[in-house]
Amino acid sequence: MISRPASIVASMAPMVVAFFLLLSKTSLALYTNTAVIGVCTGAITTLSVSTTIELFGTEKFGINHNIVIANIPIGSLLFGYLVALVYHKHGNGDGK
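These numbers come from a predicted model, not from an experiment.

How each quantity is defined
- Residues numbered from 1 in each chain as written.
- Predicted model: local features only at pLDDT ≥ 70, side-chain atom pairs only at ≥ 80, totals over all residues.
- Heavy atoms only, no water.
- Salt bridge = Lys/Arg side-chain N within 4 Å of Asp/Glu carboxyl O.
- Helix = DSSP H or I, 4+ residues; strand = E, 2+ residues; numbered from the N terminus.
- Buried < 20%, exposed > 50% of the residue type's maximum accessible area, 1.4 Å probe, protein only.
- Contact = heavy atoms within 4.5 Å.
- Expected span 1.5 Å × (residues − 1).
- Arc of directions from axis to C-beta.
- Polar contact = N/O pair within 3.5 Å; in protein donor to acceptor, adjacent residues only side chain to side chain.

A.B. asks: Which residues make up the pattern of salt bridges, and what values go with them?
C.D. replies: Summed over all chains, the structure comprises one salt bridge. Across the pair R4 and E54 runs a salt bridge, and its minimum N-O distance is 2.6 Å. You can see R4 sitting in helix 1 (residues 4–21) and its partner E54 sitting in helix 2 (residues 27–56), a full 50 residues away along the chain. Residue R4 is classed as partly exposed on the basis of its relative accessible area of 37%. A relative accessible area of 42% means that E54 is categorised as partly exposed.

Listed below in structure tokens is the structure:
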């Protein structure tokens with residue numbers, strides 16, 4: 001039997017690979033990797049509920065779960081900002 005935190009890590013591994021494979025120029029890779037990212041994100045979201053209960057208990061579940069899943073918007077903001085910095089550094093000014 002695999003633990004819940006290990007299940008989350010196992011769900012993140014194919015997602016990381018799919019993000020790197022998005023660099024491929026084919027449309028099949030875009031559709032396939034988008035589906036893999038969506039399935040892995042759904043699995044992590046589902047596992048985070050039971051992991052929160054396992055780690056912190058059921059008392060004050062709402063607060064604890066919101067703290068645990070706060071990484072989604074924070075990570076999106078930081079990653080988007082980092083990508084924008086790289087894009088502007090290497091871009092030629094006309095959006096390409």
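A.B. asks: Describe the side chain of S7, and please don't skip the residues or the numbers.
C.D. replies: Considering the arrangement of structural elements, one finds S7 in helix 1. The residues contacting S7, other than those within four sequence positions of it, are I2 and L47.

A.B. asks: Break down helix 1 for me, with residues and values.
C.D. replies: Between the first and last C-alpha of helix 1 there are 27 Å, a value that for 18 residues agrees with the 26 Å anticipated at 1.5 Å per step. For helix 1, every residue scored as buried is listed here: S7, I8, S11, M15 and A18. Projected down its long axis, helix 1 carries its buried residues within an arc of 95°, all on one side. Turned more than 90 degrees away from the buried face of helix 1 sit V9 and F20, all of them exposed. Looking at the packing, one finds that the buried side of helix 1 touches helix 2.

A.B. asks: Could you give me a rundown of the side chain of T52, with the residues and numbers involved?
C.D. replies: Inspection of the secondary structure assignment puts T52 in helix 2. A polar contact of 2.6 Å, which involves the side chain of T52, links it to the backbone oxygen of S48. Excluding anything up to four places from it in sequence, T52 contacts G57, F61, N64, H65 and V68.

What is shown is where atoms sit, not what they do.
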